[in-house]
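Structure at a glance
The residues making up each chain are set out below.
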Amino acid sequence: MRGIATLALLAALGGMAIAQSGDTYQGKTVDEWIDVLKSPDAPTRCGAVYALSSLGPKAGAAAPALVVALDDTDASVRGTAIDALGRIGEAAVPELAKAAGSPKAEIRSRAALILGRIGPPAIGALPALLLLVKDSDPSARLYGIAAIGAIGPGAKEAVPVLMEALSNKRDEGLRRDAAGALGRIGAAEAFPLLLAALKDPVADVRRSAAGAIGGLGEKAVEAVPALIPLLKGTDGGMSFAA
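Residues numbered from 1 in each chain as written. Predicted model: local features only at pLDDT ≥ 70, side-chain atom pairs only at ≥ 80, totals over all residues. Heavy atoms only, no water.

A look at the overall build of the protein chain
- When you go through the protein chain residue by residue, the secondary structure sums to 14 helices and two strands.
- Of all 242 residues assigned to the protein chain, the portion counted as buried reaches 49%.
- Long-range contacts, defined here as pairs at least 24 residues apart, represent 61% of the contacts in the protein chain between residues at least 6 apart.
- Here the protein chain has roughly 11,300 Å² of accessible surface; of this, 59% comes from carbon and sulfur atoms. (Helix = DSSP H or I, 4+ residues; strand = E, 2+ residues; numbered from the N terminus. Buried < 20%, exposed > 50% of the residue type's maximum accessible area, 1.4 Å probe, protein only. Contact = heavy atoms within 4.5 Å. Areas by Shrake-Rupley, 256 points an atom, 1.4 Å probe, with all protein chains shown as cover.)

Topic: the pattern of salt bridges
- Evaluated as defined, the whole model comprises 12 salt bridges.
- Lys-156 is the partner of Glu-189 in a salt bridge, and the nearest nitrogen-oxygen pair spans 4.0 Å. Separated by 33 residues along the polypeptide, Glu-189 in the loop between α11 (172-185) and α12 (191-197) and Lys-156 in the loop between α9 (138-151) and α10 (159-166) bring together distant segments of the chain.
- For Glu-189, a relative accessible area of 44% corresponds to the partly exposed category.
- Two residues, Asp-200 and Arg-175, come together in a salt bridge whose shortest N-O distance is 2.8 Å. You can see Asp-200 sitting in the loop between α12 and α13 (203-214) and its partner Arg-175 sitting in helix α11, a full 25 residues away along the chain. The burial state of Asp-200 is the same as that of Arg-175; both residues are buried. (Salt bridge = Lys/Arg side-chain N within 4 Å of Asp/Glu carboxyl O.)

Brief notes about the confidence of the model for the protein chain
- Per-residue pLDDT for the protein chain averages 88, and the proportion of residues at 70 or more is 83%.
- The low-confidence segment residues 4-9 (pLDDT under 50) makes seven contacts with residues lying over four places distant or belonging to another chain.
- Within the model, pLDDT remains below 50 along residues 15-21, and this stretch shows seven contacts once partners closer than five positions in the same chain are excluded. (pLDDT = per-residue confidence, 0-100.)

Rendered as structure tokens:
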């Protein structure tokens, strides 16, 4: 019943979106919605998060409260908080950077996921994201590396750490994700490692490395001889979809 009540409340708020004006939503300011977020009632908290999400960057002051909501006992509140922080964008980055260092793996993962959605404006969280590359939790590592890649060329500082990850012989997921991030950053200095990764025993790593090399512009031409067997499917059964 709680889930149905939450959905009904969100539908009602969505239908009344026309009442949004300036820095208010449904006649309430950001500070007032932050107070509503303290309600013991989960659907009410979810409605408050939805309202703050609707205000987007104007709800920057709510970032600390929304980061707390990432650990809410209600899944709907947690999910809506993820969307809200992503819509707030750059103003939420400092709080998300702190959350990326949470002792709770699920909070680190959620913070990194949101930073990845924010993309290049999340550059201020790069130091925190670099720590996630070696996180003990697989999801935190995955989302951390993905967020670094989403920052793009501005994340050049991460290249040495990602190159080290690409060289990790024990963790194929780490190699795969690191290759992808290096490609999104455009790390030409990683070309020799990416070229070597085309012979990785794991198909997903080879695929990720090939995609990364394809994003390196003219440098990719040097990899053509190594890429041809992959494209033809003669590298042990692995081929790439067109």
